[in-house]
Amino acid sequence: RIDIAGNNVTNDSVIRGEMVVDEGDPYSALLVNKSINKLKARGIFGKVEKKITEGSSPDLKVLEITVEEQATGEIAAGAGIGTQGTTIGGSVSENNFLGRGIKLETMLELSEETIRGKLSVVNPNYQFSGNSLKFSVQSVKNDRISTSGYESTDTGFSLGTGFEQYQNLFISPEFSIFHNKLTTDGSASSTIKKMEGNYFTAAVGYGIMNDKRDRTFQPTDGHLIRFYQRIPIVADVPTLINGLEFASYQQLGEDVIGSLKFYSRAVTGLDEDVRIGERLHLPAKYLKGFESRKIGPKDGDDFVGGNYAAALGFNVGFPSLLPENMNTDVNLFLDTGNVWAVDYSDSIDETNKIRSSFGVGANVYTTIGPLSFILAQSLTKATSDRTETFNFQLGTSF
């Protein structure tokens, strides 16, 4: 039997939906521990504790799960301060909407040239099927009239699901529709002027992930491999995207966790050159110490992205470095990466140079909400890159 206590807001079905074992199954300490780790990974509970007691006969067990609910909503504001400008943004998220375990998130990010907004909804256990259901709508506007003579807008939505096909093998198909509009003025380069117009893209994508981590919540051992591909169905300018990700975790000592992470993407134009809106940039979390989307090939003053992007990072975490009452996680990192190759022009400097940085990051859980900051120093860079030495984010929970 499984007894649950402490959940005043969260439905019992949300907790039972994360259990690898069910009532009536043979008892397995390994599967019970895996279930507890899955509950912790949801981020809904401050504490998850278990107790095994004897049942009504010697061959029966009772699993008692006690949870401590915590604030699951968060309002966050962040800013990045770099050598050539700032970025500000904010988000509102809820990880347990109506006590059903549904995740809602809205995000807005502003910089000198870009406005980015997104709304996403994720149900990790849709209709108690064990499959997730995901929906998101987003819009990105890049105003580079003053620097490169063009303005682009990408708006669209995606709908997807995810499920465990075989043990430790997960599949996540999705369908997306996007509309891109590119306008130019007289100062734009001839290659960018050729891309002016409205473009429609409908595509299907899928991810295949092999997850051998000991747990999804703060893993200490194991690895994860994920392959991603997006295939155009109907598109004015069809492009194919392929990606490969890898992460490995190893406990280096008591309360010291080491990790190695690799990220790569490649985009290929099937009939024509890849459009500006679909060119690749490295996500900021893979190359800290540089402004987001501010490395790689430049067309005039504009970072246009590349056909290829890759990053390799090393991280050492010290979750218990400071006293427990300080509620602080500290990590050291060394990041390397690059964005390169431009198919639409032979005259653009592709800056085939490995970028790298090192630094320290910390997550501090304060009374007014979580505070995270990164202090980074670039080691190698191109002269055109924009570095970012300090980044912070402060949120408040509800």
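As the structure is a prediction and not an experimental result, all values here were calculated from the model. (Residues numbered from 1 in each chain as written. Predicted model: local features only at pLDDT ≥ 70, side-chain atom pairs only at ≥ 80, totals over all residues. Heavy atoms only, no water.)

Visitor: Now, about the pairing of strand S11 (residues 197-211): what can you tell me, with residues and values included?
Guide: Note: strand S10 (residues 169-184) against S11, 14 bridges, orientation antiparallel. Bridge assignment links leucine 182 to a residue of S11, and that residue is glycine 197. As paired strands, S11 and strand S12 (residues 222-235) are joined by 11 bridges and run antiparallel to one another. Each residue of the ladder has a partner; that of glycine 207, found in S12, is tyrosine 228. (Pairing = 2+ DSSP bridges. Helix = DSSP H or I, 4+ residues; strand = E, 2+ residues; numbered from the N terminus.)

Visitor: Describe the packing of aromatic side chains, with residues and values.
Guide: This model, assessed by the stated rule, comprises 5 aromatic pairs. Note on tyrosine 263 and tyrosine 286: the rings are 4.5 Å apart at their centroids and 20 degrees apart in plane angle, and the pair reads as stacked. You can see tyrosine 263 sitting in strand S14 (residues 256-269) and its partner tyrosine 286 sitting in the loop between S14 and strand S15 (298-299), a full 23 residues away along the chain. The exposure class assigned to tyrosine 286 is buried, which follows from its relative accessible area of 15%. A cation over an aromatic ring shows up here: lysine 288 above the ring of phenylalanine 333, its NZ or CZ 4.6 Å from the ring centre. (Phe/Tyr/Trp six-rings, centres within 6.5 Å; stacked < 30°, edge-to-face > 60°. Buried < 20%, exposed > 50% of the residue type's maximum accessible area, 1.4 Å probe, protein only. Lys NZ or Arg CZ within 6 Å of the ring centre and 35° of its normal.)

Visitor: Lay out the nonpolar core with the relevant residues and their values.
Guide: Counting residues in hydrophobic clusters, the biggest one holds 15 residues, and the most contacted among them are Met19, Leu39, Phe45, Val48 and Ile65. Broken down by secondary-structure element, the contributors of at least two residues to this core are strand S1 (2-5), helix H1 (12-17), helix H2 (29-41), strand S2 (45-54) and strand S3 (61-69). Beyond its immediate sequence surroundings of up to four residues, isoleucine 65 is in contact with Ile2, Asp3, Ile4, Ala5, Met19, Ile36, Leu39, Val48 and Glu49. Judged by nonpolar contacts, the second largest core, of 14 residues, contains Tyr228, Ile241, Leu287 and Phe290. (Core = buried A, V, L, I, M, F, W, Y, C linked by side-chain atoms within 4.5 Å. Contact = heavy atoms within 4.5 Å.)

Visitor: Would you mind going over the side chain of asparagine 168 in detail, with residue names and values included?
Guide: As for its placement among the helices and strands, asparagine 168 is situated in the loop between strand S9 (150-166) and S10. Look past the residues within four positions of asparagine 168 in its chain and what remains in contact with it is Lys34, Met209, Asn210, Asp211 and Lys212.

Visitor: Let's hear about the pattern of salt bridges: which residues, and what values?
Guide: Using the criterion set out here, one finds 14 salt bridges in the structure. Close ionic contact of aspartate 302 with arginine 144 constitutes a salt bridge, the shortest N to O distance being 2.6 Å. Of this pair, aspartate 302 sits in strand S16 (residues 302-303) while arginine 144 sits in strand S8 (residues 132-144), and the two are 158 residues apart along the sequence. Relative accessible area serves as the criterion here: at 6%, arginine 144 is assigned to the buried category. Among the ionic pairs, aspartate 211 bridges to arginine 213, the shortest N-O distance being 2.8 Å. (Salt bridge = Lys/Arg side-chain N within 4 Å of Asp/Glu carboxyl O.)

Visitor: Lay out the environment of glutamate 164 with the relevant residues and their values.
Guide: Looking at where glutamate 164 falls in the secondary structure, it is placed in strand S9. For glutamate 164, a relative accessible area of 41% gives the class partly exposed. Glutamate 164 has contacts with Leu169 and Phe170, leaving out every residue within four places of it along the chain. Separated by 2.8 Å, the side chain of glutamate 164 and the backbone nitrogen of asparagine 168 make a polar contact. (Polar contact = N/O pair within 3.5 Å; in protein donor to acceptor, adjacent residues only side chain to side chain.)

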